[in-house]
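Spelled out from the first residue to the last, the chains are:
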Amino acid sequence: MSSFDIISMAIRNLWKRKLRTFLTVLGVVIGTASIVVMISVGIGMNEGYKEQAEQMGSLNVIDVYTPWSSDSGKKVQLDTKTIEEIRKIPGVEAVSPTINEYLTIIDGRYAAGVSVVGIDPAAMEAMEYKIGWGRPLQEGDSMALVLGAYAKEEFYNPKQSSRYRYSQSNNIEINLEEDKFKITTDSGYGTNNADNSIKPSKIEIVGEMDQMDQNAYNSFMPIKDLEKLIDERDKAQDVSAKDKRKKGIYDNLKVKVENMEDVDSVQEKIKDMGFEASSLKEYLNYMQETSRMLQTVLGAIGAISLLVAAIGITNTMVMSIYERTREIGVMKVIGATLSDIKKLFLTEAAFIGFLGGIAGIIISLIVSKIVNIVAVGMGQASNISRIPIWLALAGVVFATFIGILAGYLPAKRATNLSALTAIRTE
């Protein structure tokens, strides 16, 4: 028998028993839809976590800190030597030291206290900081500042009483493009506690942080300019040498890794050097691990439905053999081989699985769409359920495979029937 003959006979046999075929296919539809929707929820959670992490900052950046204490007792510090060692780690694209200070930004008669991070301006764009307005710091920038996303809300008139000051702070308009700004290390600027020995310096606002960035509350300026301001303050206040910030010693480092897949290994190597290291990728790994556990449970629940469908296919094929015993005997007598008979029954089982898989995917897409619409209505930012192409194809292939697997034993039983006994059967 040719393949065409086997396929056409299989279709005719299934069509003769339409109700039974429909009910069996329905079982596969429910099983396929269940497992695909369950897995799609896990995929949606994974993608949602990734999007959430990416909104907070770059997944390729590692923050490196000096530990409070070292297990080995050896004191480690973030200095120029450490920076060079980290730069040599395979996969590292850029390294920038940072220092933090609390400074005062001045706009005419208004002032705002802000947390300022000194960073290598050439590395800011590479670190993928999210900018809401303007641009990031660039190589060659001097006395430039990227303002924190919420810094404009902090401006007040230092000449006014604190009670009146905070009631009016939201009405102060700050124009980042046109206003002339100054910056000072004097935290009491404009008040009776002002340090008149510290003179404000002109600074240009070139950008503003995006509110979604994890560093949105910080402002950024070139690290050399920030060190210069700190030195000027220390000289004006006659700070002793032991209390001064040591040059070449940094609060923390920002390390940009070229490929996200290498972030974990680079982070471990930095930890092996005795430093603390954290990244958004680490947070993402934790959330995705939780998601994988849930996905496994949901997938198992869906698999039970598909197992029930497989039992239904087996039952249908066994009943078909009992009803068609005489037909099988006639096929053997007229020359059909055992292989042809086995292929016929396996083809019928495969068709049941295939049709159930196709219909199951269609149902899955509809259910997924409804779930996402409901989720959006409840305030969910991203899709809860996502069915990529590979999952849809895998669902059809898996359902077809389950059909063939469920039909194998009945098909084998059909080939073992004696032709003479089968023909005598009424």
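Each remark here, short or long, concerns the structure printed above.
Residues numbered from 1 in each chain as written. Predicted model: local features only at pLDDT ≥ 70, side-chain atom pairs only at ≥ 80, totals over all residues. Heavy atoms only, no water.

Novice: Looking at this structure, I do not really get the nonpolar core. What am I missing?
Specialist: General note: in soluble globular proteins, nonpolar side chains tend to be found buried as a group. Counting 42 residues, the largest nonpolar core has Ile-62, Met-221 and Ile-270 as the members making the most contacts within it. Among the elements that make up this core, the one with the highest residue count is strand 2 (residues 92-107) (five residues). (Core = buried A, V, L, I, M, F, W, Y, C linked by side-chain atoms within 4.5 Å. Buried < 20%, exposed > 50% of the residue type's maximum accessible area, 1.4 Å probe, protein only. Helix = DSSP H or I, 4+ residues; strand = E, 2+ residues; numbered from the N terminus.)

Novice: Would you mind going over the side chain of Asp-234 with me for this structure?
Specialist: Position of Asp-234 among the secondary structure elements: in helix 6 (residues 223-236). Residues within four places of Asp-234 in sequence aside, it is in contact with Val-239, Lys-244 and Arg-245. (Contact = heavy atoms within 4.5 Å.)

Novice: Whenever I open this one, the packing of aromatic side chains confuses me. Can you help?
Specialist: What describes a pair of aromatic rings is the distance from one ring centre to the other and the angle between the planes of the rings. In this structure the tally under the stated criterion is two aromatic pairs. With a centroid separation of 4.6 Å and an interplanar angle of 20°, the aromatic rings of Tyr-150 and Tyr-217 are classed as stacked. Of the two residues, Tyr-150 sits in the loop between strand 5 (144-147) and helix 5 (162-168) while Tyr-217 sits in the loop between strand 7 (201-209) and strand 8 (218-222), which places them 67 residues apart along the sequence. On the basis of relative accessibility, which here comes to 63%, the residue Tyr-217 falls in the exposed class. A cation over an aromatic ring shows up here: Lys-18 above the ring of Trp-15, its NZ or CZ 5.1 Å from the ring centre. (Phe/Tyr/Trp six-rings, centres within 6.5 Å; stacked < 30°, edge-to-face > 60°. Lys NZ or Arg CZ within 6 Å of the ring centre and 35° of its normal.)

Novice: For this particular structure, what's the right way to read the pattern of salt bridges?
Specialist: For side chains of opposite charge, pairing can occur when their charged atoms come near one another. Counted by the stated rule, this structure contains nine salt bridges. Across the pair Asp-234 and Arg-233 runs a salt bridge whose closest N-O atoms are separated by 3.5 Å. For Asp-234, a relative accessible area of 5% translates into the label buried. The salt bridge partner of Asp-264 is Lys-281, with a shortest N-O separation of 3.2 Å. On the criterion of sequence distance, the pair formed by Asp-264 in helix 7 (residues 263-272) and Lys-281 in helix 8 (residues 280-323) is long-range, its members being 17 residues apart. Given the relative accessible area of 10%, Lys-281 is considered buried. Counted as one network, the salt bridges with shared partners bring together Glu-93, Glu-128 and Lys-256. (Salt bridge = Lys/Arg side-chain N within 4 Å of Asp/Glu carboxyl O.)

Novice: How should I be thinking about the pairing of strand 1 (residues 61-65) in this particular structure?
Specialist: Walk down a regular strand and you will see the side chains alternate between the two sheet faces. Counting buried positions along strand 1 gives four out of five residues, so the element sits mostly inside the fold. Sheet topology places strand 1 next to strand 9 (residues 252-257); five bridges connect them, and they run antiparallel. When the sheet's bridge partners are listed, Asp-63 is paired in strand 9 with Lys-254. Bridge count for strand 1 against strand 10 (residues 276-279) is four bridges, and the pairing is antiparallel. Bridge pairing in strand 10 links Asp-63 to Ser-278. (Pairing = 2+ DSSP bridges.)

Purely spatial values, then, with no claim about function.
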